[in-house]
Amino acid sequence: MLTEEQTLNEIMNLAAAHFKVSRDQLRPDDDFFKTLNIDSLQALDLLTRLEHHFHVEMPDYELQGVSDFRTLASRIQARL
Amino acid sequence: MDHFQGQALSWQLSAGVIELTLHRDPCNEIGSLSLTELEKFADALDDLSRKAHALIVHSAIKAGFCAGADLRELYYRSQEMGKGDAVAGVRDFLTRIHHVLNTIDAAPITTLAAVHGVTFGGGFELALVCDLIIADKMARFCFPELRLGLIPGFGGIPRLKRDLGNGVVRDLLLTGRSFNATRAQTVGLVSQVVGEGEALRAARATAAQLGKFDRNTAIAAKKFIKPIPYQELRQEIDLFCRLFAEPAVEAGLRKFVESTDLQPYLP
């Protein structure tokens, strides 16, 4: 099973690739709405991609108040 | 009318397949304009169905199939009217959209919804009236109405109950959560999950298959296995209108409309 650090890394890699942002620009405690320049609709798109990537299902209310990659990783890790 | 080009939607009949294309920015929100054009489609459907063996409903908007009712229009119109008039206006809208969706639901033709992205609220309800839902893997389904102090008002509850186990219906309605196409297929909502951007292609392939069968047999089979829950649909309208009169709804709509997020779709 992945460690939380590995999960975090994979999330940031996937987000950078999909939203065409340089991976070097992303940091674990970044507000991903601002760094990726996305709205909540695009955040749902990211959630769907993460669900497929990690083979998990995440009720979107678990994203309430989550805006940084580190917390997002811990939410996903809890479902692995 | 074999083809129509509107502002919110268009349709075209070709080689026995009707394609109804939704194309209203930002995500096919269903307000007065869409409703008027959907009514035109419903009026034409009987004649179109005689010349076709399949109907495909799909969206040309990148963000998704349909994000549901036009909440901004609903909020601003409600604010212009007194509470009593607003509720009456909502009842009228619901009665009209129910007529459209009931017409598609009962149409003597096999209907397919080819969905991608956001398929929320009224958009989900539009997909549910179709006989088959083909979803690309990025489709996401949700009934977010509880977040606004409401229930689905376009027939979603009776149709969900028709198609799914009650546990799944409760999960969707009471948590307001969304789930992805894979989950939707697991619970029996979606018949095919395909690659991103492939839903329309898959729907067209399925429609081609449908063209091989005797049309009258298909119509008879559909009528036999797909009851329309008319009484519950009327009850849903009544409950929706009762809830709409509550203060929580105005507060929920205001929060949605005043959000600085372009599309506040997270719970």
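Right above here is the structure, for reference.
As the structure is a computational prediction, the values presented were derived from the model and not from experiment.

Draft legend 1. Highlighting the packing of helix α2 (residues 71–80) of chain B against helix α11 (residues 247–258) of chain B. Residue and element names in this part refer to chain B. Taken N-terminus to C-terminus, the directions of α2 and α11 make an angle of 120°; their axes are 9 Å apart at the nearest point. Considering their axes alone, α2 and α11 lie oblique with respect to each other. By crossing handedness, the relation of α2 to α11 is classed as left-handed. Between α2 and α11, the residues in contact are Leu-71, Arg-72, Leu-74 and Tyr-75 and Leu-253, Arg-254, Phe-256 and Val-257, respectively. Here the residues of the contact of α2 with α11 are counted per class, giving six nonpolar, no polar and two charged.

Draft legend 2. Inspection of unusual backbone geometry at higher detail. Cis geometry is adopted by the peptide bond preceding Pro-26 of chain B, which originates at Asp-25 of chain B and carries an omega value of 0°. Its location among the elements puts Pro-26 of chain B in the loop between β3 (17–22) and α1 (32–50). Although it is not a glycine, Asn-37 of chain A adopts a positive phi angle of roughly 60°. Position of Asn-37 of chain A relative to the elements: it lies in the loop between α2 (32–35) and α3 (40–54).

Draft legend 3. Here's a closer look at the sheet that holds strand β7 (residues 118–120) of chain B. All names here are of chain B. If you trace the four strands from one edge of the open sheet to the other, you get β5-β7-β9-β10, paired in mixed fashion. Every other strand in the sheet has two partners, leaving β5 (64–66) and β10 (178–180) as the edge strands with one partner each. Averaged over all pairs of adjacent strands, the angle between their axes in this sheet comes to 20°, without regard to strand direction. Summarising the sheet, strand β9 (residues 140–142) and β10 pair through three bridges and their orientation is antiparallel.

The rules behind these values
Residues numbered from 1 in each chain as written. Chains lettered and ligands numbered in written order. Predicted model: local features only at pLDDT ≥ 70, side-chain atom pairs only at ≥ 80, totals over all residues. Axes fitted to C-alpha atoms, helices over the stretch in contact; angles between N-to-C directions. Helix = DSSP H or I, 4+ residues; strand = E, 2+ residues; numbered from the N terminus. Parallel < 35°, antiparallel > 145°, perpendicular 65-115°, else oblique. Left-handed = near helix turned anticlockwise from the far one by under 90°. Contact = placed C-beta atoms within 7 Å. Nonpolar A, V, L, I, M, F, W, Y, C, P; charged D, E, K, R; others polar. Pairing = 2+ DSSP bridges.

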